[in-house]
Amino acid sequence: MIERFLSVDARNFRPSAIRAFAKLINDPNIISFAGGVPNPETFPAEAIAEIAGRVVRERRAVALQYGPTRGLPRLCDFIAQICRGRGIACGADDVLTTTGSQQALDLIAHTLLDPGDVVLVELPTYIGGTSSFFGRSARLAGVAQDDGGIVIDSLAEVAAREKPKLLYTIPNFQNPSGRLMAQGRRDAVLEIAARHDFLVIEDDPYGELLYVDDADTTPMKSRDRESRVIYSGSFSKVLSPGLRCGWIVAAGALLECFEIAKQAADLCSGMLDQSIVDEFCARGELPAQITKVRAFYRGKRATMLDALAQHFTGRAHWTPADGGLFTFMTIPGADTASRVSESVAKGVAYIPGAPFFVDGSGADTMRLTFAKESDERIREGVARLAAVWSAAA
Ligand SMILES: Cc1ncc(COP(=O)(O)O)c(C=O)c1O
């Protein structure tokens, strides 16, 4: 009955296939590699509590009030500083704060996409991104990816065929694959975008979470001479995702359109969240926090890679996860979705990879996060996973 009232866009909504799995994994007996969220132990809770108390008491007219749609001016300035640190030439006026970088994706999709417009996405890609694009009735076309990121020949071929309006890419430690796109490929992506005249969304929530010394995470946006790149970032992975604080950096005219879309979406992002993040930055605590978070995950990542090497060498391959929260494993010939229940019954959870592929491929892949569990449980979980897949095809 309700169906006939739904908009065309709402008929194209897709529930997140992985949120459904996430429900499975709150049982402490299950070792979970399935979640996609930061570990709460990394949240600087005491500092946040202290700052929250202070901003509520001392700055209520800002922290508890509506604020500018662009965001708290000093926070925009800090964000611009962060982006300049990544090589992007920008100032506070080039920044729009968003309610997490998820809202950035939604505002971009709302502003740029008409039904039937084509968005190119990596194979695999982040489901929150595809949800935003499907939610605008876009058509999604997959571009191949290997361990160096987007496969340039594939991008050139798909772009020539599909005439896209947008490419959505996560070059730094991608969700779900954990891969880092090589810098040369980033240049090639920009060239192809210019040749076929499409815009690029560069989604970069994981760039600061790196665990090796030689990873070059410099964003494409730093070399974006034609203002084709819409850059988004987030405090979620380095500070706290509950403080819904992300941003967009884009060319002035585009940013104004995103700002107007945001006026309709939520007037402004939460001012209490912004005030807390702003004060955290003003105290100069962010660099030390990032160092702490990297150290926290570095050991877990090493433990997981070690355990995978011990149990899966010769029958599977996985990405090195030089940063971010995930490694992505391929078990050739397997159908990873078919053994989720058996796996949970044996006390270990993972996310089957197929939902991350818009072309229906990826059945033999799975996403594993090392963020949640202790080293001991990571080792035990990988051993259990190996038992599930010991009789793999
Ligand atoms: C690639 C990617 N983009 C965007 C987001 C959204 O993050 P947030 O809205 O918390 O900034 C996530 C969250 O997991 C992500 O993995």
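Structural notes, computed from the coordinates. Because the structure is predicted, anything quoted here is derived from the model rather than measured.

The rules behind the values
- Residues numbered from 1 in each chain as written.
- Predicted model: local features only at pLDDT ≥ 70, side-chain atom pairs only at ≥ 80, totals over all residues.
- Heavy atoms only, no water.
- Helix = DSSP H or I, 4+ residues; strand = E, 2+ residues; numbered from the N terminus.
- Rg over C-alpha atoms; globule rule 2.2 N^0.38 Å.
- Buried < 20%, exposed > 50% of the residue type's maximum accessible area, 1.4 Å probe, protein only.
- Phe/Tyr/Trp six-rings, centres within 6.5 Å; stacked < 30°, edge-to-face > 60°.
- Lys NZ or Arg CZ within 6 Å of the ring centre and 35° of its normal.
- Pairing = 2+ DSSP bridges.
- Contact = heavy atoms within 4.5 Å.
- Axes fitted to C-alpha atoms, helices over the stretch in contact; angles between N-to-C directions.
- Parallel < 35°, antiparallel > 145°, perpendicular 65-115°, else oblique.
- Left-handed = near helix turned anticlockwise from the far one by under 90°.

### Describing the overall build of the chain
At step 1: In terms of helices and strands, the chain carries 14 helices and 14 strands.
At step 2: Computed over its C-alpha atoms, the radius of gyration of the chain comes to 21 Å, within 12% of the 21 Å expected for a compact globule of 393 residues.
At step 3: When the backbone C-alpha atoms are referred to their principal axes, the chain occupies close to 60 × 55 × 50 Å.
At step 4: Sorting the 393 residues of the chain into buried and exposed places 55% on the buried side.

### Describing the packing of aromatic side chains
At step 1: Taken as a whole and judged by the stated rule, the model has 7 aromatic pairs.
At step 2: Sitting over the ring of Phe134, Arg14 keeps its end group 3.6 Å from the ring centre.

### A few points about the sheet that holds strand 2 (residues 95-98)
Neighbouring strands of a sheet are bound in pairs by backbone hydrogen bonds; such pairs are parallel or else antiparallel.
At step 1: One open sheet holds the 8 strands; their spatial order is 2-9-8-7-6-3-4-5, and the pairing between them is mixed. Pairing within the sheet leaves two strands with one partner each, and these edge strands are strand 2 and strand 5 (149-150).
At step 2: The pairing of strand 4 (residues 139-146) with strand 5 spans 2 bridges and is classified as antiparallel. Opposite Asp146, over in strand 5, you have Gly149 as the bridge partner.
At step 3: Packed on one face of the sheet, helix 5 (residues 73-85) meets strand 2, strand 8 (229-234) and strand 9 (246-249) and runs near 110° to strand 2.
At step 4: Of the strands in this sheet, strand 3 (118-123), strand 4, strand 5 and strand 6 (166-169) are in contact with helix 8 (residues 152-162), which crosses strand 4 at around 165°.

### Remarks on the packing of helix 6 (residues 100-112) against helix 7 (residues 127-134)
At step 1: Where helix 6 meets helix 7, the closest approach of the two axes is 9 Å, and the angle between their N-to-C directions is 25°. The orientation of helix 6 with respect to helix 7, classified from their angle, is roughly parallel. Handedness of the helix 6/helix 7 crossing: right-handed. Between helix 6 and helix 7, the residues in contact are Gln102, Leu105, Asp106 and Ala109 and Gly128, Gly129, Ser132 and Phe133, respectively.

### Brief notes about unusual backbone geometry
At step 1: The linkage connecting Leu123 with the following residue, Pro124, adopts the cis geometry, with an omega of 5°.
At step 2: Structurally, Pro124 is set in the loop between strand 3 and helix 7.
At step 3: Of note, the amide linkage connecting Asn175 to Pro176 takes the cis form, showing an omega dihedral of 15°.
At step 4: With a phi close to 55°, Ser227 is a non-glycine residue in the positive phi region.
At step 5: Position of Ser227 relative to the elements: it lies in the loop between strand 7 (199-203) and strand 8.

### Brief notes about the side chain of Thr330
At step 1: Examined against the element boundaries, Thr330 turns out to sit in strand 11 (residues 326-330).
At step 2: Aside from chain neighbours lying at most four places away, what touches Thr330 is Ala316, His317, Asp364 and Thr365.

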